[in-house]
Amino acid sequence: MTALVTLGEAMAVLAADRPGPLASGTSLRLGFAGAEATVAIGVSRLGHAASWTGRVGADSAGTMILAGLRGEAVDVTRARVDEAAPTGLMLRERRTPDHTRVTYYRRGLAGARLDPEDIDPELIAQARILHVTGITPALGDGPRAAVRRAVELARAAGVTVSLDLNYRARLWTREEATAELTHLVSRADIVFAGPDEASLVVPEAESADMGRTLLDLGPREAVVKLGARGALAVTRGGEAVQDILPVTLVDPIGAGDAFVAGYLAGLLDGTDLPGRLLLAATCGAFAVAAAGDWEGLPRRAELDLLHGADVTR
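Attention here is on the structure that accompanies the text. (Residues numbered from 1 in each chain as written. Predicted model: local features only at pLDDT ≥ 70, side-chain atom pairs only at ≥ 80, totals over all residues. Heavy atoms only, no water.)

## Topic: the nonpolar core
- Counting residues in hydrophobic clusters, the biggest one holds 46 residues, and the most contacted among them are Leu7, Leu130, Leu165, Leu181, Val201 and Leu214.
- The contacts of Leu214, once residues within four sequence positions are left out, are Val185, Val191, Ala198, Val201, Val202, Pro219 and Ala222. (Core = buried A, V, L, I, M, F, W, Y, C linked by side-chain atoms within 4.5 Å. Buried < 20%, exposed > 50% of the residue type's maximum accessible area, 1.4 Å probe, protein only. Contact = heavy atoms within 4.5 Å.)

So, in structure tokens, the structure goes:
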């Protein structure tokens, strides 16, 4: 049985190794990224079966992405190779040591051509968690319909629906996002959001009250990611807070998705609310301590490294 099913876009990434403007001769590191793919990898590394559905092009980048996910034991049997469009590309420039500038080449490309017909009802029905984000419905009508179909299939089968709002201002307006994300929040069991993202659907709420206000829309759990101030999780039975874990920052990209992966893995473990938050914070800390979106995600045997333990073999 697949514990977690997710769907979305994955792109090739060319990332600069050193700070400074891109110029002829700049060294770039090739990899891949995608919010949902990162969550699938994080959950898989922590010992739970994960599946990713999406489209890649019939090109070397698409081959790399699928091979990379398979290498992380993520099931990609429902992924589709789109012969009519190439794989999307992300260009990541470290303009200064503290500021990363990202350029996307994704509109009309393979990942943005996800369609409701790509969704496998049987796969979702036998999962424990369906995880979706606000990125995918922002890509166009087809991806938006695919996310809605997946969510409704999960609800009909009694599968937990997890939603990370993951608002991307480059992809749609706040008004468009508010309409769609408000609908998805009402259909979700667990919602993740930063304060600015949460304000899309609960604009009247103060930051400290956003979790409780999100619950009023339907979810049973709301997790507010507060960046350097940690995170707050609220359920109908109580709440918990979690500080960030101190690590040397190498690359902040992917921290939020790593956090979600840890939280959902904790839920699959049967861990209580504080334990889920601690695992989430641990995964986020591992992610920012290494370069890349997902490369630093921990495996189960490594989790105690950030809590003062040495891991030996």
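## Side note on the packing of helix α1 (residues 35-45) against helix α8 (residues 255-269)
- The interhelical angle for the contact between α1 and α8, taken along N-to-C directions, is 45°, at an axis separation of 8 Å. With respect to each other, α1 and α8 are oriented oblique. Regarding α1 and α8, the two cross each other, and that crossing is right-handed. For the pair formed by α1 and α8, the contact residues are Ala35, Thr38, Val39, Gly42 and Val43 on the first element and Asp257, Ala258, Val260, Ala261, Leu264, Ala265 and Leu268 on the second.
- Its residues placed into classes, the contact of α1 with α8 shows nine nonpolar, two polar and one charged. (Axes fitted to C-alpha atoms, helices over the stretch in contact; angles between N-to-C directions. Helix = DSSP H or I, 4+ residues; strand = E, 2+ residues; numbered from the N terminus. Parallel < 35°, antiparallel > 145°, perpendicular 65-115°, else oblique. Left-handed = near helix turned anticlockwise from the far one by under 90°. Nonpolar A, V, L, I, M, F, W, Y, C, P; charged D, E, K, R; others polar.)

## A look at the environment of Gly296
- With respect to the secondary-structure elements, Gly296 resides in the segment after α9 (273-288).
- With twelve residues separating them in the primary sequence, Gly296 and Gly284 have C-alpha atoms 9.3 Å apart.
- Apart from residues lying up to four places away in sequence, Gly296 is in contact with Arg45, Phe286, Ala287 and Ala290.

## Examining the packing of aromatic side chains
- Summed over all chains, the structure comprises two aromatic pairs.
- Considering the side-chain rings of Phe32 and Trp294, the 5.0 Å spacing of their centres and the 40° angle between planes classify their relative orientation as tilted. In this pair, Phe32 is assigned in strand β3 (residues 28-33) and Trp294 in the segment after α9, connecting sequence segments 262 residues apart. Pair check on accessibility: Phe32 and Trp294 agree, each one buried.
- Plain terms: the ring middles of Phe192 and Tyr263 are 5.3 Å apart, the flat faces sit at 85° to each other, and that makes the pair edge-to-face. With Phe192 in strand β12 (residues 190-193) and Tyr263 in helix α8, the pair connects residues that are 71 residues apart, well separated along the chain.
- By relative accessible area, Tyr263 is classed as buried at 0%.
- In this arrangement the basic side chain of Arg106 is found over the ring face of Tyr104, its NZ or CZ atom lying 4.4 Å from the centre. (Phe/Tyr/Trp six-rings, centres within 6.5 Å; stacked < 30°, edge-to-face > 60°. Lys NZ or Arg CZ within 6 Å of the ring centre and 35° of its normal.)

## A word on α9
- The terminal C-alpha atoms of α9 lie 23 Å apart, and with 16 residues this matches the ideal 22 Å at 1.5 Å per residue to within 8%.
- The buried count for α9 comes to 14 of 16 residues, which makes it a mostly enclosed element. (Expected span 1.5 Å × (residues − 1).)

## Some words on the sheet that holds strand β9 (residues 99-105)
- The four strands are arranged β3-β2-β8-β9 in an open sheet whose pairing can be described as mixed. What marks the edges here is a single partner per strand, and that holds for β3 and β9. Pairs of neighbouring strands in the sheet enclose a mean axial angle of 25°, with direction left out of account.
- Inspection of the sheet shows strand β2 (residues 11-16) paired to β3 by six bridges, in the antiparallel sense. Among the inter-strand pairings, Leu14 is bridged to a residue of β3, identified as Leu30. (Pairing = 2+ DSSP bridges.)

## Some thoughts on the side chain of Glu93
- Summarising the element assignment, Glu93 is placed in strand β8 (residues 89-96).
- Within the structure, Glu93 has its side chain in polar contact with the backbone nitrogen of Leu22 (distance 3.1 Å).
- Ignoring sequence-local partners within four residues, the contact set of Glu93 consists of Ala16, Gly20, Pro21, Leu22, His99, Thr100 and Arg101. (Polar contact = N/O pair within 3.5 Å; in protein donor to acceptor, adjacent residues only side chain to side chain.)

## Regarding helix α4 (residues 141-157)
- Between its terminal C-alpha atoms α4 stretches 24 Å, which fits the 24 Å expected from 17 residues at 1.5 Å a residue.
- Lining the buried residues of α4 we find β1 (4-7), α3 (121-125), β10 (129-133), β11 (160-164) and α5 (174-187).

## Some points on the sheet that holds β10
- Here we have nine strands laid out as an open sheet, ordered β6-β4-β1-β10-β11-β12-β13-β14-β15, and mixed in their pairing. Each edge of the open sheet is held by one strand with a lone partner, namely β6 (74-75) and β15 (238-242).
- With four bridges joining them, β1 and strand β4 (residues 50-53) adopt parallel strand pairing. Looking at the pairing, Leu7 lines up with Thr53 of β4.
- Of the strands in this sheet, β1, β4, β6 and β10 are in contact with α1, which crosses β1 at around 160°.
- Where α4 meets the sheet, its contacts fall on β1, β10 and β11, and the angle it forms with β10 comes to roughly 155°.

## A look at the environment of Leu232
- Relative to the elements of secondary structure, Leu232 occurs in strand β14 (residues 231-235).
- What makes Leu232 buried here is its relative accessible area of 9%.
- A sequence separation of 207 residues divides Leu232 from Gly25, and the C-alpha atoms of the two residues are 44 Å apart.
- In this view, Leu232 contacts Ala208, Ala222, Val223, Val224, Leu226, Glu239, Ala240 and Val241; residues no more than four positions away in its chain are not counted.

## Regarding the pattern of salt bridges
- All chains considered together, the criterion is met by 22 salt bridges.
- In this structure, Glu72 engages Arg299 in a salt bridge whose closest nitrogen and oxygen atoms are separated by 3.7 Å. In this pair, Glu72 is assigned in the loop between α2 (60-71) and β6 and Arg299 in the segment after α9, connecting sequence segments 227 residues apart.
- Overall, Glu72 belongs to the buried group, its relative accessible area being 11%.
- A relative accessible area of 42% means that Arg299 is categorised as partly exposed.
- Between Arg148 and Glu180 there is a salt bridge, and its shortest N-O distance comes to 3.0 Å. (Salt bridge = Lys/Arg side-chain N within 4 Å of Asp/Glu carboxyl O.)

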